[in-house]
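# Secondary and tertiary structure notes
Listed below are the residues making up each chain.
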Amino acid sequence: MSTIEISGLHKSFGALEVLRGIDLSVEAGEVVCVIGPSGSGKSTLLRCVNLLEEPTSGTIRVAGTEVTDPDCDIDAVRRGIGMVFQQFNLFGHLTVRENVTIAQRRVLRRSRAEAERVATANLSRVGLLDKAGAYPAQLSGGQQQRVAIARALAMDPQLMLFDEPTSALDPELVGEVLAVMRGLAAEGMTMLVVTHEMAFAREVAHRVVFMDGGVVVEQGPPAEVFGSPREERTRTFLHRVLEPARVSENEIGVQRKE
Ligand SMILES: Nc1ncnc2c1ncn2[C@@H]1O[C@H](COP(=O)(O)OP(=O)(O)OP(=O)(O)O)[C@@H](O)[C@H]1O
Ligand SMILES: [Mg+2]
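Residues numbered from 1 in each chain as written. Chains lettered and ligands numbered in written order. Predicted model: local features only at pLDDT ≥ 70, side-chain atom pairs only at ≥ 80, totals over all residues. Heavy atoms only, no water.

## Notes on the nonpolar core
Counting 50 residues, the largest nonpolar core has Ile35, Ile149, Met160, Phe162, Met181 and Met191 as the members making the most contacts within it. It is helix α6 (residues 171–186) that provides the largest number of residues to this core, a total of eight residues. With residues near it in sequence (within four places) discarded, Ile149 still touches Val84, Val126, Met160, Phe162, Val177, Val180, Met181 and Leu184. One finds Val32, Leu159, Leu161 and Leu192 within the second-largest nonpolar core, a separate group that totals 28 residues. (Core = buried A, V, L, I, M, F, W, Y, C linked by side-chain atoms within 4.5 Å. Buried < 20%, exposed > 50% of the residue type's maximum accessible area, 1.4 Å probe, protein only. Helix = DSSP H or I, 4+ residues; strand = E, 2+ residues; numbered from the N terminus. Contact = heavy atoms within 4.5 Å.)

Take a look at the structure:
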């Protein structure tokens, strides 16, 4: 049984068809990175997995439970899915430790002692135990994102979804967040990661999925997708993101003044 099994997924917003038939599965322990141009539907795909967006058609199973079944207990499924976004969404009026314990207490009904124990373990996992008493505003963006990861991990998810977790960060803070994610991957966490960090995808992903225009254009091991992409659209995209300085004016239709 796959951890995620998506088949024939379509999603429209009004007349705009954003996902146009996605088939994708993620196995337990697998790290899958989704890459692709802006607007290709990557976030929408991720948000459909825990029904933050309701699919227009198709089926999605998470650990065997069909989340697209109207009778599915979606809250139960969501409890097993950790989600980390570009924006950290920490509670500013709570300390780091409180941010990591609150959902454990309220949603999982853990005792204070148990929630504290799990918070301690996960804050040290992301290297921030020494910041447990700080407030989010006293932390850097990279540290805040690591707290957001610890908060998700504290719920003991069987699956982590990441949507561009480093793209709101200053460049010098990106590495510390990727290091935490690399550690999770090494521990065998199942991860579906939308990212612009091609070096990370190349090094950490078991599989890379290239999306464009609401479909999966190609997927495979990173060495293949990056090293010898089969599709022209993949080549064009990689050329743009890997060598932005070399994209010609011609390619994007810029006219030079004579
Ligand atoms: N709630 C919404 N209502 C209407 N249109 C939406 C909504 N959410 C997304 N879209 C549209 O769906 C398309 C795909 O958006 P999505 O955010 O999934 O793309 P993306 O691949 O994540 O892009 P980016 O790399 O910029 O994050 C875009 O055209 C976007 O404007
Ligand atoms: Mg997005």
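## So, the layout of surface pockets
There is about 690 Å³ of room inside the largest pocket. When contributions to the lining of the largest pocket are tallied by element, the ones reaching two or more residues are α2 (74–79), β6 (81–84), α3 (96–106) and α5 (141–153). For the lining of the largest pocket, the residue count by class is 13 nonpolar, five polar and five charged. Roughly 170 Å³ of internal volume is contained in the second largest pocket. (1 Å grid on protein atoms, 1.4 Å probe; cavity = no way out; pocket = protein on both sides within 12 Å on 5 of 7 lines; lining within 4 Å. Points joined across faces, edges and corners; volume = space filled by probe spheres on them. Nonpolar A, V, L, I, M, F, W, Y, C, P; charged D, E, K, R; others polar.)

## So, the sheet that holds strand β10 (residues 215–220)
Pairing is mixed in the open sheet, where six strands are placed in the order β6-β7-β8-β3-β9-β10. The open sheet is flanked by β6 and β10, the only strands paired with a single partner. Averaged over all adjacent pairs, the angle separating strand axes in this sheet is 15°, with direction ignored. The sheet contact formed by β6 and strand β7 (residues 159–163) spans four bridges and is parallel. Looking at the pairing, Val84 lines up with Phe162 of β7. Here helix α1 (residues 42–49) sits on the sheet in contact with β3 (31–35), β6, β7, β8 (191–194) and β9 (207–212), set at roughly 155° to β7. α5 contacts β6 and β7 of the sheet and is inclined by roughly 170° relative to β6. (Pairing = 2+ DSSP bridges. Axes fitted to C-alpha atoms, helices over the stretch in contact; angles between N-to-C directions.)

## Some remarks on the packing of α5 against α6
For the pair α5 and α6, interaxial distance at closest approach is 8 Å and the crossing angle is 20°. By the angle between their directions, the pair α5 and α6 is classed as roughly parallel. The hand of the α5/α6 crossing is right-handed. On α6, the residues that touch Gly141, Gly142, Gln143, Gln145, Arg146, Ile149 and Leu153 of α5 are Leu173, Glu176, Val177, Val180, Met181 and Leu184. When its residues are assigned to classes, the contact of α5 with α6 shows seven nonpolar, four polar and two charged. (Parallel < 35°, antiparallel > 145°, perpendicular 65-115°, else oblique. Left-handed = near helix turned anticlockwise from the far one by under 90°.)

## Some points on the site of ligand 1
The immediate surroundings of ligand 1 are formed by Phe13, Leu16, Val18, Pro37, Ser38, Gly39, Ser40, Gly41, Lys42, Ser43, Thr44 and Glu164. Separating an oxygen atom of ligand 1 from a backbone N or O atom of Gly39 is a distance of 2.8 Å. Within the side chain of Glu164, a nitrogen or oxygen atom sits 3.4 Å from an oxygen atom of ligand 1. Taking 630 Å² as the accessible area of ligand 1 by itself, protein coverage stands at 59%. Mapped onto the shell around ligand 1, the elements with two or more residues apiece are β2 (16–26) and α1. (Near = heavy atom within 4 Å. Polar contact = N/O pair within 3.5 Å; in protein donor to acceptor, adjacent residues only side chain to side chain. Areas by Shrake-Rupley, 256 points an atom, 1.4 Å probe, with all protein chains shown as cover.)

## Describing the sheet that holds strand β1 (residues 4–13)
Sheet strands line up and pair through hydrogen bonds in the backbone, either parallel or antiparallel. Sheet architecture is open: four strands sit in the order β2-β1-β4-β5, paired in antiparallel fashion. Each having just a single partner strand, β2 and β5 (65–66) make up the two edges of the open sheet. Where β1 lies against strand β4 (residues 57–62), five bridges are found, and the strand directions are antiparallel. Paired with Ile4 across the strands is Val62, a residue of β4. Docked against the sheet, α1 engages β1, β2 and β4, running at close to 120° with respect to β1.

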